[in-house]
Structure formats: C-alpha cells, structure tokens
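Architecture at a glance
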Amino acid sequence: NGVAYKNIIYPVGGNSELAEEASRQAAYLAKTTGAKLHLLFVEDKTKSFGALTSDSPEWKKIEEQWIKEGKSILDHEEERLKSLHVEGVEKVIKRGNVSDEIIALAKEKHADLILLASQKRSPIGKLLMGSHTYGVFIKAPCPILRIVR
C-alpha cells in the first residue's frame, strides 16, 4: 500500500549543480511520506592529508574552518528545504571517508532511503558514477535514489 519512508539520508556537499534538483526531490519525498530528512556533511579533507596532519594550533584552525564550512553548507540546505516547506530536518557532520560515513549513518538511523546527487565522470565515470557514489551503492543497507544529469 505505497512506500512509507521514515528516515531518509541526504548527503550534501554544497557544490553540486544537482543540489537544487536533489533538494526538490528530498522535499517531495519528505512531504509525501512524512519521512525525517537527515542532512549529512562529511568532512573528508582531514583524511586526505593523512600523515601530514598534526596537533598544532595552526592545523586545528584549518580543521575548524572545514567544519565551519560544513555547517554553513548544512544551514544553507536546511534553508532551501524550509523554502520548500520541509521542517524538522536533522543536520549531521561526520569526519572520514564519505561513503563509509553515509553507510554508517544509514545504519544508525535505520534509513529507508539514501538520496544521492552525483555527477557522471569519465573515464566512464567509475562506470557512470563517482567513487563515493559507487562506495555507497555496493554497501548500502537500503534503497538509493540517485539524482544525475
């Protein structure tokens, strides 16, 4: 008797040309199913630097700036969703590998759906999807709605 979503994981990155379309889809799903949207920003730059990280005050300031940028992206997306009449979203910031953190949150929240906006990239775009999207596809504990252009 229809699909009843309760929890939808919606990872955001802030720079996708698909963000507006993904927001519309997320809003539609949340409003029509009554699902709670869990906005997720994953700070993955620290992981990229690996052994180059330190406990220095300068490095801590850089990491704090990345988290501040993530909060800003989440706040912007929350405002966009409010303009689409969606309230009560949960904003989550994680650090680490993007696909691993998406999967972890999906499991933690018992997600019914993961909504991903992803770009097609070459060569054959990791077979038509980016590496983060591919990582989510092979490990996802629930269905995925992929927004592409």
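Look a little higher up for the structure.
Residues numbered from 1 in each chain as written. Predicted model: local features only at pLDDT ≥ 70, side-chain atom pairs only at ≥ 80, totals over all residues. Heavy atoms only, no water.

**Side note on the side chain of E101**
- Structurally, the position occupied by E101 is in helix α4 (residues 98-108).
- Not counting chain neighbours up to four residues away, the residues in contact with E101 comprise L40, V42, K94, R95 and G96. (Helix = DSSP H or I, 4+ residues; strand = E, 2+ residues; numbered from the N terminus. Contact = heavy atoms within 4.5 Å.)

**Considering the pattern of salt bridges**
- Taken as a whole and assessed by the stated rule, the structure comprises 11 salt bridges.
- When the shortest N-O distance is used, the salt bridge between K139 and D100 registers 2.8 Å. Of this pair, K139 sits in helix α6 (residues 131-139) while D100 sits in helix α4; the two residues are 39 residues apart in sequence, bridging distant segments of the chain.
- A cluster of three or more residues bridged by salt bridges with shared partners is formed by E90, K94, E108 and K109. (Salt bridge = Lys/Arg side-chain N within 4 Å of Asp/Glu carboxyl O.)

**What to know about α4**
- Those residues of α4 not exposed but buried are V98, S99, E101, I102, I103, L105 and A106.
- Note on α4: the residue one or two positions beyond its end, H110, has a positive phi of about 55°. (Buried < 20%, exposed > 50% of the residue type's maximum accessible area, 1.4 Å probe, protein only.)

**A word on the packing of helix α1 (residues 19-33) against helix α3 (residues 57-83)**
- One can describe the packing of α1 onto α3 by two numbers: an axis separation of 10 Å at closest approach and a directional angle of 55°. By the angle between their directions, the pair α1 and α3 is classed as oblique. Remark: the crossing between α1 and α3 carries right-handed chirality. Along its contact with α1, which presents A19, E20, S23, A26 and A27, the element α3 presents E77, R80 and L81.
- Taken together, the residues of the contact of α1 with α3 sort by class into 4 nonpolar, 1 polar and 3 charged. (Axes fitted to C-alpha atoms, helices over the stretch in contact; angles between N-to-C directions. Parallel < 35°, antiparallel > 145°, perpendicular 65-115°, else oblique. Left-handed = near helix turned anticlockwise from the far one by under 90°. Nonpolar A, V, L, I, M, F, W, Y, C, P; charged D, E, K, R; others polar.)

**Points about a nonpolar patch on the surface**
- A cluster of nonpolar side chains, namely Y134, F137 and I138, defines an oily patch on the protein surface of about 300 Å² accessible area.
- Following the sequence through the fold, Y134 ends up in helix α6. (Patch = residues over 30% accessible without salt bridge, like charges linked within 9 Å, V, L, I, M, F, W, Y side chains within 5 Å. Areas by Shrake-Rupley, 256 points an atom, 1.4 Å probe, with all protein chains shown as cover.)

**Here's the deal with the side chain of E43**
- Note on placement: E43 falls in strand β2 (residues 36-43).
- Ignoring sequence-local partners within four residues, the contact set of E43 consists of W66, I67, K94, R95 and G96.

**Quick look at the environment of C142**
- Mapped onto the fold, C142 is located in the loop between α6 and β5 (144-147).
- Judged by relative accessible area, C142 falls into the buried class, the value being 11%.
- Spatially, the C-alpha atom of C142 lies 8.7 Å from that of K107, the residues being 35 residues apart in sequence.
- In this structure, C142 is in contact with A111, D112, L113 and I114, ignoring residues within four places of it in sequence.

**Some details on the sheet that holds strand β1 (residues 7-11)**
- Strand order in this open sheet of 5 strands is β3-β2-β1-β4-β5, and the pairing throughout is parallel. The strands lining the two open edges of the sheet, one partner per strand, are β3 (90-95) and β5. The mean inter-strand angle of the sheet, taken between neighbouring strand axes irrespective of direction, is 25°.
- Pairing between strand β4 (residues 113-117) and β5: 4 bridges, direction parallel. Each bridged residue has a counterpart across the sheet, and for L115 the counterpart in β5 is L145.
- Of the strands in this sheet, β1, β2, β4 and β5 touch α1, which is tilted by about 160° from β4.
- Against the sheet, α4 contacts β1, β2, β3 and β4, and its axis sits at roughly 150° relative to β2. (Pairing = 2+ DSSP bridges.)

Nothing here speaks to function; it is geometry throughout.
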